[in-house]
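# Structural features, examined
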Amino acid sequence: MGLTGMTDRTAAFDTSAAPADVVRRQYLASAAGDLEALRATLAPDVEWTEMAGFPLAGTYRTPEGVTSNVMEKLAAEWDGWTAHDDTYVVEGENVVVLARYSATNKATGKPLDVRVAHHFTVRGGKIVRFEQFVDTAKVRDAMRS
């Protein structure tokens, strides 16, 4: 396949409203530290819930609220925080992603490698809802000296 075919597929992915594509763009933006691109995947009235027991537990609203209360705080406390998405289960507007968090806690120097599940709801090409499921004890252990 020539370069034109690749460019067409990349352009289609970049603008696709398909729920799995929107979610994948969110992971790619997060991994790249591109908060502007990440915010572009979120609906203005997004509800983003970090699991009870997680250090950033709570529900955050608005794209700016999500990136300032979650992504920026993770970057401040962890080196290399990345959600490695590997399995997608899609049903209509629902996207469940099985993934793995990896990072090193800046305060303790301890590494983190833990499985996680994320449930996204995507409507009109934007993430309207997110819920995280993770073994919070493993995250907290990496934060303890």
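Located above this text is the structure these notes cover.
Residues numbered from 1 in each chain as written. Predicted model: local features only at pLDDT ≥ 70, side-chain atom pairs only at ≥ 80, totals over all residues. Heavy atoms only, no water.

Here Gln26 is to be found in helix 2 (residues 19-32). If near-sequence neighbours (up to four positions away) are discounted, Gln26 is found in contact with Leu38, Thr41, Trp48, Met71, Phe120 and Ile127. (Helix = DSSP H or I, 4+ residues; strand = E, 2+ residues; numbered from the N terminus. Contact = heavy atoms within 4.5 Å.)

Turning our eyes to something else, we now look at the sheet that holds strand 5 (residues 111-123). Strand order in the open sheet made by the six strands is 2-1-6-5-4-3, with mixed pairing throughout. Every other strand in the sheet has two partners, leaving strand 2 (58-61) and strand 3 (78-91) as the edge strands with one partner each. Neighbouring strand axes in the sheet, compared pairwise and without regard to direction, differ in orientation by 20° on average. By the bridge criterion, four bridges tie strand 1 (residues 42-50) to strand 2 in an arrangement that is antiparallel. Bridged to Glu50 within strand 2 is Gly58. (Pairing = 2+ DSSP bridges. Axes fitted to C-alpha atoms, helices over the stretch in contact; angles between N-to-C directions.)

Here we take up helix 5 (residues 136-143). Restricting attention to buried positions, one finds in helix 5 the residues Thr136, Val139 and Ala142. On an axial view of helix 5, the arc spanned by its buried residues comes to 125°, and they lie on one face. For helix 5, the secondary structure elements touched by its buried residues are strand 3, strand 4 (94-105), strand 5 and strand 6 (126-134). At the N-terminal end of helix 5, a side-chain oxygen is found 3.2 Å from the backbone nitrogen of Ala137, two or three residues along, and the residue is Asp135. (Buried < 20%, exposed > 50% of the residue type's maximum accessible area, 1.4 Å probe, protein only. Arc of directions from axis to C-beta. Polar contact = N/O pair within 3.5 Å; in protein donor to acceptor, adjacent residues only side chain to side chain.)

Our next topic: the pattern of salt bridges. Per the counting criterion, the structure on display carries eight salt bridges. Between Asp113 and Arg100 there is a salt bridge, and its shortest N-O distance comes to 3.4 Å. With a gap of 13 residues between them, Asp113 in strand 5 and Arg100 in strand 4 connect regions that are remote in the sequence. Given the relative accessible area of 29%, Arg100 is considered partly exposed. (Salt bridge = Lys/Arg side-chain N within 4 Å of Asp/Glu carboxyl O.)

This part is about the nonpolar core. Ranked by internal contacts, the top residues of the largest apolar core, which has 33 residues, are Trp48, Phe54, Trp78, Trp81, Tyr101, Leu112 and Phe120. Those residues in contact with Tyr101 that sit more than four places away from it in its chain are Phe54, Trp81, Thr82, Ala83, Leu112, Asp113, Val114, Val116, His118, Gln132 and Val134. (Core = buried A, V, L, I, M, F, W, Y, C linked by side-chain atoms within 4.5 Å.)

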